[in-house]
Amino acid sequence: MESSGVDADVVIAGAGPTGLMLACELRLAGADVLVVERLAGRTGESRAGGMHSRTLEVLDQRGILGRFLAIGDPQPVGHFSGLYLEFDESESRYPYPLMILQSDIERLLEEWAVELGVRIRWSSEVTGMRQDGSGVTVELGTAPGKTRTLRARYLVGCDGGRSAVRKLSDIDFPGTPATMTALIGDVELPDLPEDYVWVRRSPTGDYSAIAFEPGWYRVITSEYDRVADRDEPVTFEQLRESLVRVAGTDFGMHSPRWVSRFSDAARQAAQYRKGRVLLAGDAAHIHFPAGGQGLNMGMQDAVNLGWKLAAVVAGSAPEALLDTYHSERHPVGERVLHNTRAQSALARPGAQTDALRDVFGSLMEFDDVNRQLRGMLTALTVRYQVGGDHPLAGRRVPDAELKTSDGATRVYELLHAARPVLLDLRGSADLAAAAAGWADRVDLVEAAGEDDYWIVPDLDEIPAPAALLIRPDGHVAWAADAGDPLDVSAVRAALTTWFGPARQD
Ligand SMILES: Cc1cc2nc3c(=O)[nH]c(=O)nc-3n(C[C@H](O)[C@H](O)[C@H](O)COP(=O)(O)OP(=O)(O)OC[C@H]3O[C@@H](n4cnc5c(N)ncnc54)[C@H](O)[C@@H]3O)c2cc1C
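About the cut-offs
Residues numbered from 1 in each chain as written. Predicted model: local features only at pLDDT ≥ 70, side-chain atom pairs only at ≥ 80, totals over all residues. Heavy atoms only, no water. Helix = DSSP H or I, 4+ residues; strand = E, 2+ residues; numbered from the N terminus. Rg over C-alpha atoms; globule rule 2.2 N^0.38 Å. Buried < 20%, exposed > 50% of the residue type's maximum accessible area, 1.4 Å probe, protein only. Contact = heavy atoms within 4.5 Å. Axes fitted to C-alpha atoms, helices over the stretch in contact; angles between N-to-C directions. Parallel < 35°, antiparallel > 145°, perpendicular 65-115°, else oblique. Left-handed = near helix turned anticlockwise from the far one by under 90°. Near = heavy atom within 4 Å. Polar contact = N/O pair within 3.5 Å; in protein donor to acceptor, adjacent residues only side chain to side chain. Areas by Shrake-Rupley, 256 points an atom, 1.4 Å probe, with all protein chains shown as cover. Domains from an automatic or database assignment. Buried area = accessible area lost by both parts, 1.4 Å probe. Salt bridge = Lys/Arg side-chain N within 4 Å of Asp/Glu carboxyl O. Phe/Tyr/Trp six-rings, centres within 6.5 Å; stacked < 30°, edge-to-face > 60°. Core = buried A, V, L, I, M, F, W, Y, C linked by side-chain atoms within 4.5 Å.

Peer 1: For this particular structure, what's the right way to read the overall build of the chain?
Peer 2: A count of helices and strands for the chain gives 12 helices and 28 strands. Over its C-alpha trace the chain gives a radius of gyration of 23 Å, about what one expects of a compact globule, namely 23 Å for 505 residues. Principal-axis analysis of the C-alpha atoms gives the chain an extent of 75 × 60 × 35 Å. In the chain, buried positions account for 53% of the 505 residues. Looking at the chain alone, contacts between residues at least 24 apart form 70% of all its contacts between residues at least 6 apart.

The following block contains the structure:
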């Protein structure tokens, strides 16, 4: 027990990618975190197969991207419903999807979490909860017939699509039901032809096989004439039969390491926050895994929420800051559900869809179309409503080159500690004076910019700014251009909105 009478500032339900990322963000900002996980340990199930540019940037902002790049495999192209998408090297330092299994992502995040002092309690399933004015009481099932109770100031449900925290909080989960069934398995596939590439369509559905190790494949079949019962067990035999139906053969499939099922059901929590309970990741949104966006969105939910919740727990920001988690991330989730519905429409079998794919594919050859779709999938074009009319306001800050007296050479190096940064590229003392009341919470960094223009994915080039207030999640809260007189009230308003009132000495 902590001296404050709670077991942790924040209890996180679920040690998947979202829960682990959130735990790390909270720890970096000084909060005491306890992760409770229903499973007894890692399953090694592969699940998601990749990370997109913005997630790679977010890990770079924390200085841990090298661990993921060391085992991941950059892909030359991405795809929208199986139609190839080109990337543009000018938009990000990481202009590619990185193929890396979810099991490896979770292992690396867990290692980082443990290094940061996150406590993880396995075999602990959230089975009940009750919130009041000062905190949340969480009931855990720890073994058959055994329960224990924890007390926290906040509870975050990162407990996946069937989230107990969401259900226990009576948060609605509206959306569209499943219209198809997909089966997935990690198997050996000795008879797959050497010229096989990616997705093959058939009159009843489609199938794909992606090699993760020599001889070992991730097989997915999608069938549109059946909707499985959610609670029906999944078997290797079902996967084999499904592959025979859509491909005409099972390619000698054997030795399954893992089989599972998913669908195109798309639902989103009506509220991401209810008092002291918050939802993130699949607990807040589920959708067809087209384009590989779910894990990425969950990790980015975590990066949006972590610093806000830590500031509220520390008492440096008002509780209302937590409402911006819903207002910023719910629209992002809505857009992802929308594009995955479009992708599943483009994936259905039939002559009409074949024609639609041809037309859509030819449109994707236009740079602007390709760029629009790329922005959605990579999440590089996410923009929050932070006020102000500077083109960078609300966007993710580009990783521009610069020089500081401490030897930093680019913007993301300034964000490793997950603290807000007031970046002064104009070299004037007035900015420091304006922000003096926040010096305990906001790092003022003076730097010389190396570039005259910065590239913003959905805007092309903009003149390099003279000063920026960067939130710990890497989004710009306020910016000013060279030649503009410093608007002291605007910078102070942004500091107050995001990091609480000025300290009065
Ligand atoms: C075939 C497939 C391919 C995919 N490919 C991609 C991809 O390439 N890229 C991508 O971004 N996404 C992809 N996804 C989606 C991705 O797998 C999910 O979005 C991601 O796992 C969500 O992470 P999460 O941490 O929010 O939830 P989860 O990974 O579901 O983790 C939730 C955790 O909570 C635990 N838990 C559940 N209930 C409780 C409870 N009551 N108490 C305590 N713990 C509990 C669970 O055991 C689990 O460990 C894919 C999904 C599928 C099915």
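Here the narrative resumes, following the displayed structure.
Peer 1: It is not clear to me how the packing of helix α1 (residues 17-28) against helix α4 (residues 102-116) should be interpreted in this structure. Could you clarify?
Peer 2: Helix packing geometry: the angle between the two helix axes and the distance between the axes. Contact geometry for α1 and α4: axes closest at 9 Å, N-to-C directions at 25 degrees. Relative to α4, the element α1 is oriented roughly parallel. The hand of the α1/α4 crossing is left-handed. Contact residues: P17, L20, M21, C24, E25, R27 and L28 in α1; Q102, E106, L109, E110, W112, A113 and L116 in α4.

Peer 1: Any chance you could explain the site of the ligand here in plain terms?
Peer 2: Contacts to the ligand come from 30 residues, most closely from E37, Q102, D282, L295 and N296. Between the ligand and R38 there is a distance of 3.1 Å, counted from a nitrogen atom to a backbone nitrogen or oxygen. V126 places a polar main-chain atom, nitrogen or oxygen, 2.9 Å from a nitrogen atom of the ligand. Protein chains bury 90% of the 990 Å² of accessible surface belonging to the ligand in isolation. Mapped onto the shell around the ligand, the elements with two or more residues apiece are α1, β9 (125-131) and α7 (294-314). Here the element with the most residues in the shell around the ligand is α7; it accounts for 3 residues.

Peer 1: Which parts of the structure should I look at to understand the domain arrangement of the chain?
Peer 2: Put simply, an interface is often sized by how much accessible area is lost when its parts join up. For the chain, the assigned domains are domain 1 (8-175 + 267-347), domain 2 (180-263) and domain 3 (402-499). Between the C-alpha centres of domain 1 and domain 2 there is a distance of 27 Å. Contacts between the two partners involve 16 residues from domain 1 and, on the opposite side, 16 residues from domain 2. Carbon and sulfur atoms make up 60% of the surface buried where domain 1 meets domain 2, a total of about 1400 Å² over both sides. The largest per-residue losses of area from domain 1 upon contact with domain 2 belong to R162, F288 and A347, which jointly make up 34% of the total buried on that side. Counting across the interface, domain 1 meets domain 2 through 1 salt bridge. R162 is the salt-bridge partner of D231, the closest N and O atoms lying 3.2 Å from each other. For the pair domain 1 and domain 2, the interface holds 5 residue pairs in polar contact (both at pLDDT 80 or more).

Peer 1: Any chance you could explain the packing of aromatic side chains here in plain terms?
Peer 2: The geometry of an aromatic ring pair is captured by the separation of the ring centres together with the interplanar angle, meaning the angle of the planes. A complete count under the given rule lists 6 aromatic pairs for this structure. Centre to centre, the rings of F80 and F360 are 5.7 Å apart; their planes meet at 20 degrees, and the pair counts as stacked. Of this pair, F80 sits in strand β5 (residues 78-80) while F360 sits in helix α9 (residues 351-363); the two residues are 280 residues apart in sequence, bridging distant segments of the chain. Residues Y272 and Y325 carry aromatic rings whose centres are separated by 5.7 Å and whose planes lie at 45 degrees to one another, so their mutual orientation is tilted. With Y272 in the loop between β18 (266-268) and β19 (273-274) and Y325 in helix α8 (residues 323-347), the pair connects residues that are 53 residues apart, well separated along the chain.

Peer 1: I'm lost on the pattern of salt bridges in this one. Help?
Peer 2: Pairs may arise between side chains of opposite charge once their charged atoms sit close together. Per the stated rule, a full pass over the model turns up 36 salt bridges. Between E57 and R396 there is a salt bridge, with the nearest N and O atoms lying 2.7 Å from each other. Of this pair, E57 sits in helix α2 (residues 53-61) while R396 sits in the loop between α10 (367-378) and β22 (402-404), and the two are 339 residues apart along the sequence. By relative accessible area, which is 1% here, E57 ends up buried. Residue classification places R396 among the buried residues on the basis of a relative accessible area of 3%.

Peer 1: Sorry if this is basic, but what is going on with the nonpolar core here?
Peer 2: Within soluble globular proteins, side chains that are nonpolar tend to cluster in buried spots. One finds M51, F68, L309 and W478 to be the most contacted residues of the largest nonpolar core, which totals 96 residues. Among the elements that line this core, the one with the most residues is α7, at 12 residues. Both domain 1 (8-175 + 267-347) and domain 3 (402-499) contribute no fewer than three residues apiece to this core. Aside from chain neighbours lying at most four places away, what touches M51 is L56, L59, F68, Y96, P97, L98, I100, I105, L295, N296 and M299.

Peer 1: In this structure, what is going on with the environment of S344? I would like to understand it.
Peer 2: As for its placement among the helices and strands, S344 is situated in helix α8. Judged by its relative accessible area of 8%, S344 falls in the buried class. For S344 and L422, which are 78 residues apart along the polypeptide, the C-alpha to C-alpha distance reads 43 Å. If we skip the residues at most four places from it in the chain, S344 touches D264 and F288.

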